[in-house]
Amino acid sequence: MIYQGQAITVEVSDQIARLTFDLQGDSVNKLNNLTMKELEEAIAAIKADSGIQGLLIRSAKDVFIVGADITEFEEKFGGQTEQNVADAVYDINVRHFNALEDLPIPTVTAINGLALGGGLELCLATDMRVMADNTKIGFPEVNLGIIPGYGGTVRSTRLIGGDNAVEWVSGGKQYRADKALEVGMVDAVVAPDKLEAAAEDLLRRAIDGEFDIHAIRKVKTGPVQLDDTELLMAYTTGKAMVSQESPKGMIAPITAVKTMEKHAKLGRDEALKIEAENLAKLATGEVAHNLIKIFLGDQELMKKSKKAAGKVDPVERAAVLGAGIMGGGIAYQSANTGTPIMMKDIAQESLDSGMEEAGKLLSKQVDRGRLSAQQMAHTLSMITPTLSYEGIDSAQVIVEAVVENEKVKKSVLSEVEGLVDKNTVIASNTSTIRITELATALKRPEQFCGMHFFNPVHKMPLVEVIRGEKSGDDAVRRTVGYALSMGKKPVVVNDCPGFLVNRILFAYFAGYIQLIREGADFVAVDKAAEKFGWPMGPAYLCDVVGIDTCVHAGEVMSEGFPERMKQEYKTAMQIMVEHERYGQKNGKGFYAYETDKRGNPKKVYDESVRDLLAPHTDAPKEFSDEEIVDRIMTPLCMESLRCLEDNIVESANDLDMALVYGVGFPPFRGGAIRYIENMGLDKFCETADKYAHLGPLYEPTDKLRELAKSGGSFFD
Ligand code: NAD
């Protein structure tokens, strides 16, 4: 052993040094401060031993290296100047990655498991790479609003070509071994049990001179071998493609392409400087800050949920009552994540269409090569469609997803309670009826809570687990556990009209309908909201949700919070419903819907809608994008603060994550609370005061004013 640390060891045998990553006390390897310190020392130890003829790098864990330690980003980037960050990153490049690349001996990496971000950059600093055929590699940095900074953009461009590097770096995806081999990111792919031997064989052949490592290094450290026209072509196409495909508000993907274009004609060290400068620009900006907070917020939420679920036995069998849009989706999601489920309805057609929908979703996975036909049949067999309650007593968790009618729900809930064991948890997927109210129909309200999924169930990550006044800890805990086993992000909330997410969403809708009433054009409002980062503007969102559903939920909100949410005028949504424009579901809402080539609804502008709205609104008026955004975002944020203050949700992080996962709040803005904190609480109060005439939805809470004055934070 020539080096022994807590993350890295180096042994030498038969003149080959084996550098092994095995971060003590952690389940994965990551490039944290400790590992980086040890890497520098380990490389120095190898360099100092003249008897060593080759270096093999490997991992003792299931993963290779999952990347940098994101929990250390705050300390690295927070409060730093761009120049400081650029200098620090460049320095690491020289001391670690260049030092590894420049060792006087051949170097090979054995990639046994995930090699992501800095992990992959480390692999690229070695002469050759052998990869196990069951793992993936990639550059996820852009998903955090940054670009690779340890030579990822530089070495990949030179190794796999400009166009491939654009795809790999700016797409933020993980690639399978066959794809990595095809583009030349790795030199060989083998079965996991042959990896070590294959890597050693390659290394020995390099030592014997079979491969010219100097030629390999020349390619990696020199300028890209393309003439000016070829370069221009590659990067113009790259920029156009990336601009079109990047999610809204994400500047990292296009910065990645520009970085690669800028350093293409330069040698390694100059190119690395440009990479470090552009990384620093992004890393010290607000988008990266927000995305990193979202990443860490997700980890915090999942840790909390796992703790909340405790050590309960996994649900072996579940049941869902209702096989409609939601019941069918819940059955699919449960089966697809391994929990058999009985799906009970009163109508055979609903059962048939529920099964058909599940079949369609599974077929898509088969087409994409993610599932075999046999696995699909197995998953489908885990859903038992039925018109009778027979066998319901074997379910440990029952999710009620029948029609949104209090009387029907109460009767179904009490009926099913009478058929099951006292320990069975019953949860309702209601979107508007208070859990405390539904519980009055039950003899064991402590075994009952809300389990609010979002549509479409397989796509939307959030599940609100609602604690009614009488819900017991066991019911909440087991519902959280079931949601986790379904691959969902559960957020536990207290009961109130609209629960957490819809209560906040309807404050936003209230801002929207008020704008329309004052003569704003709904298309202009949608455009401004989408420019802000929402996946769809409020009019389009109403169409997707169903305008009749929105009107019904709106009534519940105005009853629940009359002082803020009661409208004394006919709203744009009510007008649409009066004219039987229910949204996508019947092909006409604020927009009209045609079917595209793939059979999906495509929105088109419908001139007649303006005429329908005109008699109930002020004369058409143009609002600036800024005013539109302020008038819809202020009530959303203010209601978020009220939910926090009313203890509907436990923390600002839970709230922000729920909005990102439940309604697609733009992640690059960090969530509602993060958004106002970035703006500055005093500035947010100023904006709210400017619109005070619009009513109490815009009124700052006392706590907000207090924190704005004291410079405090809702995250403390
Ligand atoms: P849906 O109308 O598509 O399905 C309801 C199903 O319940 C129908 O198949 C109906 O036959 C069945 N049903 C009625 N009475 C029944 C009974 N006694 N026993 C068993 N089945 C019965 O409705 P949906 O959109 O799936 O909504 C279901 C629930 O989910 C509602 O409470 C709704 O508020 C809630 N929800 C809906 C959405 C959404 O976007 N659709 C989102 C979140 C929550």
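Residues numbered from 1 in each chain as written. Predicted model: local features only at pLDDT ≥ 70, side-chain atom pairs only at ≥ 80, totals over all residues. Heavy atoms only, no water.

**Q** Would you mind showing me how to read the overall build of the chain here?
**A** On a plain count of helices and strands, the chain comes out with 31 helices and 20 strands. Computed over the C-alpha atoms, the radius of gyration of the chain is 28 Å, within 12% of the 27 Å expected from 2.2 N^0.38 for a compact globule of 716 residues. The dimensions of the chain, computed from C-alpha atoms along their principal axes, are 80 × 60 × 55 Å. Residues counted as buried form 55% of the 716 residues belonging to the chain. Total accessible area on the chain stands at roughly 30,500 Å², and carbon and sulfur atoms take up 50% of it. Taken as two groups, the 80 positive and 106 negative side-chain charges of the chain have centres that lie 1 Å from each other. (Helix = DSSP H or I, 4+ residues; strand = E, 2+ residues; numbered from the N terminus. Rg over C-alpha atoms; globule rule 2.2 N^0.38 Å. Buried < 20%, exposed > 50% of the residue type's maximum accessible area, 1.4 Å probe, protein only. Areas by Shrake-Rupley, 256 points an atom, 1.4 Å probe, with all protein chains shown as cover. Lys, Arg positive; Asp, Glu negative; His and termini not counted. Charge placed at Lys NZ, Arg CZ, Asp CG, Glu CD.)

**Q** What is the right way to look at the pattern of salt bridges in this model?
**A** Side chains that carry opposite charge are capable of pairing whenever their charged atoms lie near each other. In this structure the tally under the stated criterion is 50 salt bridges. A salt bridge links Arg-642 to Glu-639; its shortest N-O distance comes to 4.0 Å. Note that Arg-642 and Glu-639 are positioned in helix 27 (residues 625–645) at a spacing of 3 residues, about one turn of the helix. Take Arg-642 and Glu-639: they sit in the same class, and that class is buried. Residues joined in a network through salt bridges with shared partners are Glu-101, Asp-102, Arg-155, Lys-220, Arg-268 and Asp-269. (Salt bridge = Lys/Arg side-chain N within 4 Å of Asp/Glu carboxyl O.)

**Q** I'm lost on helix 23 (residues 547–560) in this one. Help?
**A** Between its terminal C-alpha atoms helix 23 stretches 20 Å, which fits the 20 Å expected from 14 residues at 1.5 Å a residue. Check the buried side of helix 23 and you find it contacts helix 20 (501–517), helix 22 (538–545), helix 24 (562–565) and helix 25 (572–578). (Expected span 1.5 Å × (residues − 1). Contact = heavy atoms within 4.5 Å.)

**Q** Help me out: how do you make sense of the sheet that holds strand 2 (residues 8–13) in this one?
**A** The strands making up a sheet associate through backbone hydrogen bonding, with each pair oriented either parallel or antiparallel. What the 7 strands build is an open sheet, ordered 1-2-3-4-5-7-10; its pairing is mixed. Edge strands, defined here as strands with exactly one partner in the open sheet, are strand 1 (3–4) and strand 10 (188–190). (Pairing = 2+ DSSP bridges.)

**Q** Can you help me understand the site of the ligand in this one?
**A** The ligand sits among 21 residues. The nearest are Met-326, Asp-345, Glu-404, Lys-409 and Ser-431. In the model, an oxygen atom of the ligand is placed 2.8 Å from a nitrogen or oxygen of the Met-326 main chain. Asn-455 is positioned such that a nitrogen or oxygen atom in its side chain is 3.3 Å from an oxygen atom of the ligand. Calculation on the ligand without its partners gives an accessible area of 820 Å², and the protein chains cover 80% of this total. Sorting the residues of the shell around the ligand by element identifies helix 14 (325–336), helix 17 (406–417) and strand 16 (448–453) as the ones contributing at least two each. Considering only residue class, the shell around the ligand consists of 9 nonpolar, 8 polar and 4 charged. (Near = heavy atom within 4 Å. Polar contact = N/O pair within 3.5 Å; in protein donor to acceptor, adjacent residues only side chain to side chain. Nonpolar A, V, L, I, M, F, W, Y, C, P; charged D, E, K, R; others polar.)

**Q** Mind showing me how you'd approach the packing of helix 20 against helix 23 here?
**A** Between two packed helices, what matters for the description is the angle formed by their axes and the separation of those axes. Packing of helix 20 against helix 23 brings their axes to within 10 Å, and their N-to-C directions diverge by 100°. The orientation of helix 20 relative to helix 23 falls into the category roughly perpendicular. Within the contact between the two elements, helix 20 uses Asn-502, Arg-503, Phe-506 and Phe-509 and helix 23 uses Cys-550, Ala-553, Gly-554 and Met-557. Of the residues that constitute the contact of helix 20 with helix 23, the class distribution is 5 nonpolar, 2 polar and 1 charged. (Axes fitted to C-alpha atoms, helices over the stretch in contact; angles between N-to-C directions. Parallel < 35°, antiparallel > 145°, perpendicular 65-115°, else oblique.)

**Q** How should the packing of helix 21 (residues 522–532) against helix 22 be read in this particular structure?
**A** At a closest axis distance of 7 Å, the pairing of helix 21 and helix 22 adopts a crossing angle of 95°. As far as their axial angle goes, helix 22 and helix 21 are roughly perpendicular. Each of Phe-522, Val-525, Asp-526, Ala-529 and Glu-530 in helix 21 lies in contact with helix 22, whose residues at this interface are Pro-538, Ala-539 and Tyr-540. Of the residues belonging to the contact of helix 21 with helix 22, the class tally is 6 nonpolar, no polar and 2 charged.

**Q** Got a minute to help me understand the side chain of His-452 in this structure?
**A** Structurally, His-452 can be placed in strand 16. Dropping the residues within four chain positions of it, His-452 is found in contact with Ser-428, Asn-429, Thr-430, Ser-431, Leu-462, Val-463, Glu-464, Ile-466, Phe-499 and Asn-502.

**Q** In this structure, what is going on with the packing of aromatic side chains? I would like to understand it.
**A** Here the distance between the centres and the angle between the planes together describe a pair of aromatic rings. In total, this model carries 15 aromatic pairs according to the counting rule given. Centre to centre, the rings of Phe-97 and Tyr-150 are 4.9 Å apart; their planes meet at 25°, and the pair counts as stacked. In this pair, Phe-97 is assigned in helix 3 (residues 82–101) and Tyr-150 in the loop between strand 8 (136–138) and helix 5 (152–160), connecting sequence segments 53 residues apart. On the basis of relative accessible area, Phe-97 is assigned to the buried category, the value being 1%. (Phe/Tyr/Trp six-rings, centres within 6.5 Å; stacked < 30°, edge-to-face > 60°.)

**Q** Any chance you could explain the sheet that holds strand 8 here in plain terms?
**A** The strand order 6-8-9 describes an open sheet built from 3 strands, whose pairing is mixed. Two strands lie at the open edges of the sheet, namely strand 6 (115–116) and strand 9 (174–176), each paired on one side alone. Pairing of strand 8 with strand 9 involves 3 bridges; the strand directions are antiparallel. Bridge pairing in strand 9 places Lys-136 opposite Arg-176.

**Q** How should I be thinking about a positive patch on the surface in this particular structure?
**A** Taken together, the side chains of Lys-136, Lys-360, Lys-364, Arg-368, Arg-370 and Lys-459 make up a positively charged region of the molecular surface. Within the secondary structure layout, Lys-360 lies in helix 15 (residues 348–367). (Patch = residues over 30% accessible without salt bridge, like charges linked within 9 Å, V, L, I, M, F, W, Y side chains within 5 Å.)

**Q** Just to check I follow, could you spell out the nonpolar core for this structure?
**A** The biggest cluster of nonpolar side chains holds 109 residues, and the ones touching the most others in it are Tyr-512, Phe-522, Met-573, Phe-590, Met-633, Leu-636 and Leu-655. Ranked by residue count, the leading element in this core is helix 20, at 12 residues. Non-local contacts of Phe-522, meaning those with residues more than four positions away in its chain, are made with Tyr-512, Ile-516, Ala-539, Phe-590, Tyr-591, Tyr-605, Val-609 and Leu-613. Formed by 78 residues, the second largest nonpolar core is a distinct cluster that contains Leu-19, Leu-55, Ile-111 and Leu-144. (Core = buried A, V, L, I, M, F, W, Y, C linked by side-chain atoms within 4.5 Å.)

**Q** Explain the side chain of Ser-558 here, please?
**A** Inspection of the secondary structure puts Ser-558 in helix 23. A polar contact of 3.2 Å, which involves the side chain of Ser-558, links it to the backbone oxygen of Glu-555. Setting aside its immediate chain neighbours within four residues, Ser-558 contacts Met-565 and Lys-566.

**Q** How do you make sense of the environment of Asp-133 when you look at a structure like this?
**A** In this fold, Asp-133 is placed in the loop between strand 7 (128–132) and strand 8. The exposure class of Asp-133 is partly exposed, given its relative accessible area of 44%. Counting along the chain gives 44 residues from Asp-133 to Ala-177, while the straight-line C-alpha distance between them is 5.4 Å. Among residues more than four places away in sequence, those in contact with Asp-133 are Ala-177, Val-189, Val-190, Ala-191 and Pro-192.

**Q** In this structure, what is going on with helix 14? I would like to understand it.
**A** Each α-helix turn comprises 3.6 residues. Residues three or four places apart therefore point the same way. The end-to-end C-alpha separation of helix 14 is 16 Å, in line with the 16 Å expected for 12 residues at 1.5 Å each. The element helix 14 is extensively covered by neighbouring structure, given that 10 of its 12 residues are classed as buried. Of all the residues in helix 14, the buried ones are Met-326, Gly-327, Gly-328, Gly-329, Ile-330, Ala-331, Tyr-332, Gln-333, Ser-334 and Ala-335. Among the residues trailing helix 14, Gly-338 stands out with phi positive, at a value near 100°.

**Q** Where do I start with a negative patch on the surface in this structure?
**A** There is a patch of like negative charges on the surface, built from Glu-349, Asp-352, Glu-356 and Glu-357. Mapped onto the elements, Asp-352 comes out in helix 15.

Keep in mind these numbers describe shape, not what the thing actually does.
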